[in-house]
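Chain by chain, the residues run as shown.
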Amino acid sequence: MTDEIIRWLTPWEPQPVLIAVFALAALCYVRGLARRRRIRDIAPAIAFGIGLISMYVVMQTHVDYYAQYMFFIHRAQHLILHHLGPFLIALSMPTAVLAAGAPAWLNRGVRGMGELPPVMACYRFVQHPFISALLFVGLIYFWLTPSIHFTAMLSARDYWLMNLSMAGDGLLFWWFMLDPRAPGTTRTTYSTGLRIIVLWAVMPPQIALGAYIALAPDTVYDVYAVCGRAFPISPIVDQQLGGLITWIPAAMMSVVATLILLRFGFIHERRATTAQGSGAPVKEPVT
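Residues numbered from 1 in each chain as written. Predicted model: local features only at pLDDT ≥ 70, side-chain atom pairs only at ≥ 80, totals over all residues. Heavy atoms only, no water.

Student: Even after reading the chapter, I still don't get the overall build of the protein, so can you show me in this structure?
Tutor: A tally of regular secondary structure across the protein gives 15 helices and zero strands. Against the compact-globule benchmark of 19 Å for 287 residues, the protein has a radius of gyration of 21 Å, which places it among compact chains. Seen through its principal axes, the protein has C-alpha atoms that stretch 70 × 40 × 40 Å. Within the protein, the proportion of its 287 residues that are buried is 41%. (Helix = DSSP H or I, 4+ residues; strand = E, 2+ residues; numbered from the N terminus. Rg over C-alpha atoms; globule rule 2.2 N^0.38 Å. Buried < 20%, exposed > 50% of the residue type's maximum accessible area, 1.4 Å probe, protein only.)

Student: Would you mind going over a nonpolar patch on the surface with me for this structure?
Tutor: A cluster of nonpolar side chains, namely Phe231, Ile233, Val237, Leu241, Leu244, Ile248 and Met252, defines an oily patch on the protein surface of about 530 Å² accessible area. Of note, Phe231 is situated in the loop between α14 (223-227) and α15 (235-278). Residue classification places Phe231 among the partly exposed residues on the basis of a relative accessible area of 35%. (Patch = residues over 30% accessible without salt bridge, like charges linked within 9 Å, V, L, I, M, F, W, Y side chains within 5 Å. Areas by Shrake-Rupley, 256 points an atom, 1.4 Å probe, with all protein chains shown as cover. Salt bridge = Lys/Arg side-chain N within 4 Å of Asp/Glu carboxyl O.)

Student: Honestly, unusual backbone geometry in this entry has me stumped. Any pointers?
Tutor: Excluding glycine, residues mostly have negative phi values, and the peptide bonds linking residues are mostly trans. The backbone of Arg37 sits at a positive phi, close to 50°, despite the residue not being glycine. We note that Met93 has phi near 50°; this positive angle belongs to a residue other than glycine. With respect to the element layout, Met93 can be found in the loop between α5 (71-91) and α6 (95-101). Look at Met93 and you get partly exposed, because its relative accessible area is 31%.

Student: Honestly, helix α2 (residues 16-36) in this entry has me stumped. Any pointers?
Tutor: For α2, built from 21 residues, the straight-helix expectation of 30 Å at 1.5 Å per residue is met to within 8% by its first-to-last C-alpha distance of 30 Å. Every buried residue belonging to α2 is among Leu18, Phe22, Cys28, Tyr29, Gly32 and Arg36, and all of these are buried. For α2, the angular spread of the buried residues around the axis is 130°, confining them to a single face. Turned more than 90 degrees off the buried face of α2, the exposed positions are Pro16, Val30 and Arg35. The secondary structure elements touched by the buried residues of α2 are α3 (42-60), α6, α7 (104-114) and α11 (156-177). Arg37 occupies a position one or two residues after α2 and carries a positive phi of about 50°. (Expected span 1.5 Å × (residues − 1). Arc of directions from axis to C-beta. Contact = heavy atoms within 4.5 Å.)

Student: It is not clear to me how the nonpolar core should be interpreted in this structure. Could you clarify?
Tutor: Nonpolar side chains tend to gather and get buried jointly when the protein is soluble and globular. Met55, Met59, Leu144 and Tyr221 are the most contacted members of the largest nonpolar core, which totals 36 residues. With six residues, the single largest contributor to this core is α3. By size, the runner-up hydrophobic cluster in this structure holds 21 residues, among which are Phe87, Ala90, Val202 and Ala257. (Core = buried A, V, L, I, M, F, W, Y, C linked by side-chain atoms within 4.5 Å.)

Student: How do you make sense of the packing of aromatic side chains when you look at a structure like this?
Tutor: Two measures describe an aromatic ring pair: the distance that separates the ring centres and the angle between the ring planes. According to the stated counting rule, one finds 14 aromatic pairs in the structure shown. Here Phe22 and Tyr56 contribute two aromatic rings whose centre-to-centre distance is 5.4 Å and whose plane-to-plane angle is 80°, an arrangement assigned as edge-to-face. Residue Phe22 is found in helix α2, and its partner Tyr56 is found in helix α3; the two are separated by 34 residues along the sequence. Its relative accessible area of 24% is what places Tyr56 among the partly exposed residues. When the ring of Phe136 is compared with that of Phe173, the centres are 4.0 Å apart and the planes differ by 20°; the resulting orientation is stacked. Of this pair, Phe136 sits in helix α9 (residues 129-143) while Phe173 sits in helix α11; the two residues are 37 residues apart in sequence, bridging distant segments of the chain. A single burial state applies to Phe136 and to Phe173, both of which are buried. (Phe/Tyr/Trp six-rings, centres within 6.5 Å; stacked < 30°, edge-to-face > 60°.)

Student: Explain the packing of helix α10 (residues 146-154) against α11 here, please?
Tutor: Each pair of packed helices can be described by the angle between their axes along with the distance between the axes. Two elements in contact, α10 and α11, have axes whose closest approach is 5 Å; the angle formed by their N-to-C orientations is 110°. When the axes of α10 and α11 are compared, the pair comes out roughly perpendicular. On the side of α10, the interface is formed by Thr151, Ala152, Met153 and Leu154, while α11 contributes Ala156, Asp158, Tyr159 and Met162. A class-by-class count of the residues in the contact of α10 with α11 yields six nonpolar, one polar and one charged. (Axes fitted to C-alpha atoms, helices over the stretch in contact; angles between N-to-C directions. Parallel < 35°, antiparallel > 145°, perpendicular 65-115°, else oblique. Nonpolar A, V, L, I, M, F, W, Y, C, P; charged D, E, K, R; others polar.)

Student: I would appreciate a short explanation of the side chain of Thr258 in the present structure.
Tutor: Tracing the sequence through the fold places Thr258 in helix α15. Classification of Thr258 by relative accessible area gives buried; the value is 8%. Not counting chain neighbours up to four residues away, the residues in contact with Thr258 comprise Ile196, Leu199 and Trp200.

Student: Sorry if this is basic, but what is going on with the environment of His78 here?
Tutor: Inspection of the secondary structure assignment puts His78 in helix α5. Residue His78 is classed as buried on the basis of its relative accessible area, which comes to 2%. Sequence-wise, His78 and Met162 are 84 residues apart; in three dimensions their C-alpha atoms are separated by 9.5 Å. In this structure His78 touches His83, Met162, Asn163 and Met166, once residues within four positions along its chain are discounted.

Student: Sorry, what's going on with α5 here?
Tutor: Residues spaced three or four apart along an α-helix face the same direction, because each turn holds 3.6 residues. The end-to-end C-alpha distance of α5 is 29 Å, a good match for the 30 Å that 21 residues give at a rise of 1.5 Å each. Along α5, the sharpest kink reaches roughly 45°, centred on Ile80. The buried fraction of α5 amounts to 17 of the 21 residues, a majority that puts the element mostly inside the structure. One or two residues past the end of α5 sits Met93, with phi positive at roughly 50°. (Bend = angle between axes of the 7 residues up to and from the residue.)

In structure tokens, the structure reads:
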């Protein structure tokens, strides 16, 4: 039993740099929690931990092996990399905790890089509502284009480019969507209403693509027939399951995020009303 668990946890295709990034993020976060010692950090820490661990599991355990040989597991992998994992990490608002636990040289390096004009310009560009939505949906469509998907699943380089691009874009998108600060706090902190519009704008394309895949009468992705499937289920059932994963849970993430944004909006409104009544300036809470 122990040997089987160890085998499952062993990376199918070890990526030392990727493992180091996950380990560094976890170490900095745990150190930050220990240094801050705040009860209110517990709930965000759970969200951050689940998000980080889930992304690691689908990239650096034997789950990754099955994702290369079953279409529906591949879609579940990308649901975690592009939606659920980044969503939970962004929701946890980890910046302050990570900064508290990171070495001084790392904080200086990140801060210095973030202040470079080209980096700031690129960040503002990709966090523009239209560009952010276009990238979020466009990457899903791009990597699920049958010919591109065929190549990506057979090329180690393209496969990792696909997974890393989905993870990176997911972190950028949900970081933009779930920013808890009041609108206008920064140049990339947009209004609650605009962000909700973006959330609902990305739903129909995902629903349409998932429905197309799930309801297609023939096999759309024949690369899994070339590689062989890990489980003895029919190609059409594998495809239907993958289509449903692309269709339903991915779109439902927008609904959940909308509810969270409405709560943020209510908090900002209440804080502004309280400040107006007392004559004090509105301040954002320190996390």
